[in-house]
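# Coordinate analysis (summary)
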Amino acid sequence: MLCIGVLGENLQKQTIEQILYFSKRYTKKQICFYAGKKQKEFDKAYKEAKKTENALFLVPIQKKTIQYCKENHIQFSIFVCLSSYKNSAIIPCLTNSGILIVNIDDKRVFPLQIKKENQLITYGLNHKASVTVSSFLEPMGHETKSKIQCCIQKSIQTVSGNIFEPQEFSLFLKEGQKSISGALAAITALMAADVQISGG
C-alpha cells in the first residue's frame, strides 16, 4: 500500500478529483479514498487500505491530520504540498524514502529542509519545474474537456526506484476542470506512485 497525502486548502479538491480521474484511466491499482474527519474512521480506512493489495490510500490532509499522523506514527510515501506550510511538520510524516511534491510557483514553500533520503519533485508553470505544461487548450466546439501538453523536464524517480525520463505527452483533464496546477500536482503524484500516464 502507498499512502498519498494532499495538503492545501485552495486546490485540494481539484487535485484529488484529478488523481481519481487519472487513476481510473491509467492504473489498475485500487484507490482507497478517505475524506472524513473522524479519527476512528480514519484508522478503519487506513487498516482496510493496508489489507488491500496494490492499493493507493489517498488522504486530503488538514493540519489536525498531520498532528494525528505524527502521534500515531502514520507515514506517507508521497506528500503533495499545494500551499505553504511548515515543512518541519511535514517531514516526519514521510517514509524514509518518501517523496515530497511542491508547487515551485509558490515561493512561500522555500527554503525546504528535507532529509537526504527523501526526494523533492516540483511542479508548476515555472521553467525550472520538474513537471510543467507547454500548452493548454480550452474545449472547442462540441468538446467538453480541456487539454494540456504535459512536459516532464527532469528525470523522476518513483517510490519503487523506477525512472520516468524527460518527455512530453497530451492529456485531457476531467470534464469541467480548468486548474492547471491541480492537474500537474495530480500527474506528478501518480507518476511518483509508478503510474504510467500518457496519451489523450
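Residues numbered from 1 in each chain as written. Predicted model: local features only at pLDDT ≥ 70, side-chain atom pairs only at ≥ 80, totals over all residues. Heavy atoms only, no water.

### Observations regarding unusual backbone geometry
Of note, the phi angle at His73 is positive, near 55 degrees, even though the residue is not glycine. Residue position: His73 is located in the loop between helix H3 (63–71) and strand S4 (76–81). Residue class for His73 comes out exposed when judged on its relative accessible area of 69%. In this structure, Asp194 is a non-glycine residue whose phi angle is positive, near 75 degrees. With respect to the element layout, Asp194 can be found in the segment after helix H5 (180–192). Judged by relative accessible area, Asp194 falls into the partly exposed class, the value being 24%. (Helix = DSSP H or I, 4+ residues; strand = E, 2+ residues; numbered from the N terminus. Buried < 20%, exposed > 50% of the residue type's maximum accessible area, 1.4 Å probe, protein only.)

### Section: H3
Regarding H3, the residues found buried are Thr65, Ile66, Tyr68 and Cys69. The arc that holds every buried residue of H3, seen down its axis, measures 165 degrees, which confines them to one face. Summarising the geometry of H3, the exposed residues directed more than 90 degrees from the buried face are Lys63, Lys64 and Glu71. (Arc of directions from axis to C-beta.)

### Focus: the packing of aromatic side chains
For the structure shown, the criterion picks out 7 aromatic pairs. Relative to Tyr26, the ring of Phe22 lies with its centre 6.3 Å away and its plane at 40 degrees, an arrangement referred to as tilted. Here Phe22 pairs with Tyr26, and both are found in helix H1 (residues 12–26), just 4 residues apart, close to one helical turn. Note on accessibility: Phe22 and Tyr26 belong to one class, buried. Ring centres 5.8 Å apart and planes at 90 degrees place the aromatic pair Phe42 and Tyr68 in the edge-to-face group. Placement of the pair is Phe42 in helix H2 (residues 39–51) and Tyr68 in helix H3, with a sequence separation of 26 residues. Comparing Phe42 with Tyr68 shows no difference in burial state: the two are buried. Taken together, the ring pairs in this structure connect Phe42, Tyr46, Phe57 and Tyr68 into an aromatic cluster. (Phe/Tyr/Trp six-rings, centres within 6.5 Å; stacked < 30°, edge-to-face > 60°.)

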